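Listed below are the residues making up each chain.
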Amino acid sequence: MQKTPIRVLSALMAAAMLMGVLSACDGGGNQPQPSSGAAAPAASASGGFVEGTGDDRLGQDSTAEEAKYGGTMKLNFNGATNSLDPAQFNTNQNYTPGYHIYESPVQVADDGSVWASVCTYELSEDNLQLTLTVRPDVKFHNGDTVDVNDVVASIERFLVYSTSGQANFGDYIASTDVKDDMTVVYTLKDVAPMALLTIGELKGGCKVMPAEIAQAHMDSYITDDAEIVGTGPYMLETWNREVDLTLKRFEDYVPYESGGTGPAAAKKAYFDKIYCSVASDQTARTNGMIGGNFDYSTSILTDMAPQLEAAGCWSDKNWNGWSPTIVFNLSAANSGSIVQNVDFRRAVRACLDADQILLSTKTDPSQYEVGSCPVMPSSAYYNELADANMGQDLDKAREYLAASGYNGETIRWWCADSDSYYTTALPASEMLKAIGVNVDLQVKDVTTYETNYNDPACADFDICCRETQKSYLHPLLSQFVASYAMWDTPERTALVNKLGTTAAGSEESIQAFADFCALLDDQVPYIILGDFGTVCWYSSDIIPDRQGVDVYWWNSYFKAQ
């Protein structure tokens, strides 16, 4: 068996990856070096406040280990948490508390390497047998000890609800052999380059739950609080739907030193509790930080930085790939809509001024970058092919509109009642009106919006706005590439399949993604406007300890007074 930590490598290392990223690890071995690639945009001061202080605060803090424990961390989201079922981890307010509750069989680190989590793992020399072994004495929140049946059932359910899970792992499985109470061997039909990355991804990966719960919900969502049972460092305490929820430390949790970094490092639940509430606009978030109601917030009023700092708050910037996107409803249910016409979609793209739309949300040019690639600049896959026809050109927009046969139909544009969705939709819809398109902008509550967006039978909207996170590792870990079900063409399917069957980081894989971006530019199923640099505000005593682009709160703490 091979025992080398796996990771997504840069294109320069692709020749050494004859079997893709699936060289194996059993949780030990040497810690891998960070993957190479272009650097993310550097943080810069703006609005009169100082950024880039998170690492400095952590490095300078001298709080003793025992003094780190205690307190309630107070978070807020743009909308309410409407599900803690991993099958519905589609939004920040769902998956952020969710990945504190649940853990995956294996865990992807911040550098793209894969490490042991609930299970250790090994791969055969030919990469056609994956062995998962449950670590001893891993406990569920209900007090039960995890065994292999829980892992197998959790993976089975994951493959039911996750299209990327089925494509990147399920379709490769030839047989599943449970060896004993702790071990399962998956025999694969062919090398599955994306399998472990897909299973172990923090937000969208497989989450381990008791077998009886997984088996009872193979074709239904988990809605009963008593069935929100994971193995993570925090567990659900209370949940008032549409209002707030509270997580509490799972006292029987034992941090595991896998050797990984970021989300794969040992997890210590220093906070007694994590409280999550809703603040749907910038004013509420800003006042909440100033008043001490929140310990962390994003998307708040830049011009109130002096008041925030006077209240002891401090800020940092995170280029984490959150990308405002205009999405067309190309589902079969909406087959009669003019948005099905590619020239209409090209007209929409040509009428948009991405810079002005992004500025309407961030108000500060240093907090965003215009760009349409579905992966982050630090990825070896990054290219600018999808930018070829970006840039406002009203004459071209009108030409495309005439070619589409548009005849005055009303375009139903949905957005959620979240400020960033609305501040994207409002100027964009006005730009569409400027070329002669009738637009009905409809604001929906987050629950209604998300339920309908994820329903393939919904034909109640033509266009909507999203914020979706780009992948910094592999394109198939991005919803833009792997999970956008409304764009279903043979060309797209062929390229996604090629990305899933070629060695990650290889020339063939990178070329497949380049072809995908060229197809995206041609067919315009959605329009990625750019990347937001998230300005993160913290209360005075918070010491955040995390690596990578994902926001998690184990290992962070309140400094000693």
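As a starting point, this report considers the structure included with it. Not measured: the values here are computed from a predicted model. (Residues numbered from 1 in each chain as written. Predicted model: local features only at pLDDT ≥ 70, side-chain atom pairs only at ≥ 80, totals over all residues. Heavy atoms only, no water.)

**Focus: the nonpolar core**
Next, step 1: Counting 143 residues, the largest nonpolar core has Leu132, Phe169, Tyr186 and Leu352 as the members making the most contacts within it.
Next, step 2: Excluding anything up to four places from it in sequence, Leu132 contacts Val106, Cys119, Thr120, Tyr121, Val151, Ile155, Met182, Thr183, Val184 and Tyr186.
Next, step 3: By size, the runner-up hydrophobic cluster in this structure holds nine residues, among which are Ala279, Met289, Ile300 and Trp537. (Core = buried A, V, L, I, M, F, W, Y, C linked by side-chain atoms within 4.5 Å. Buried < 20%, exposed > 50% of the residue type's maximum accessible area, 1.4 Å probe, protein only. Contact = heavy atoms within 4.5 Å.)

**With respect to a nonpolar patch on the surface**
Next, step 1: A contiguous nonpolar surface patch, about 230 Å² in accessible area, is contributed by Tyr422, Leu426 and Val443.
Next, step 2: For Tyr422, the position within the fold is in helix H12 (residues 419-433). (Patch = residues over 30% accessible without salt bridge, like charges linked within 9 Å, V, L, I, M, F, W, Y side chains within 5 Å. Areas by Shrake-Rupley, 256 points an atom, 1.4 Å probe, with all protein chains shown as cover. Salt bridge = Lys/Arg side-chain N within 4 Å of Asp/Glu carboxyl O. Helix = DSSP H or I, 4+ residues; strand = E, 2+ residues; numbered from the N terminus.)

**Overview of empty space enclosed by the protein**
Next, step 1: On inspection of all chains with the given rule, the structure shows three cavities of 30 Å³ or more.
Next, step 2: Reported here for the largest cavity is a volume of approximately 100 Å³.
Next, step 3: Residue composition of the lining of the largest cavity, by class: six nonpolar, three polar and three charged.
Next, step 4: Reported here for the second largest cavity is a volume of approximately 80 Å³.
Next, step 5: Lining the second largest cavity, in full, are Arg349, Ser372, Ala386, Met390, Leu520, Asp521, Val524, Tyr526, Ile527 and Ile528.
Next, step 6: For the lining of the second largest cavity, the secondary-structure elements that each account for two or more residues are helix H16 (507-523) and strand S17 (526-528). (1 Å grid on protein atoms, 1.4 Å probe; cavity = no way out; pocket = protein on both sides within 12 Å on 5 of 7 lines; lining within 4 Å. Points joined across faces, edges and corners; volume = space filled by probe spheres on them. Nonpolar A, V, L, I, M, F, W, Y, C, P; charged D, E, K, R; others polar.)

**Topic: the state of the cysteines**
Next, step 1: Under the criterion given, the structure shown has zero disulfides.
Next, step 2: Cys373 forms no disulfide, and the closest cysteine sulfur to it belongs to Cys517, at a distance of 4.6 Å.
Next, step 3: Take Cys373: its relative accessible area is 2%, and that puts it in the buried class. (Disulfide = S-S within 2.5 Å.)

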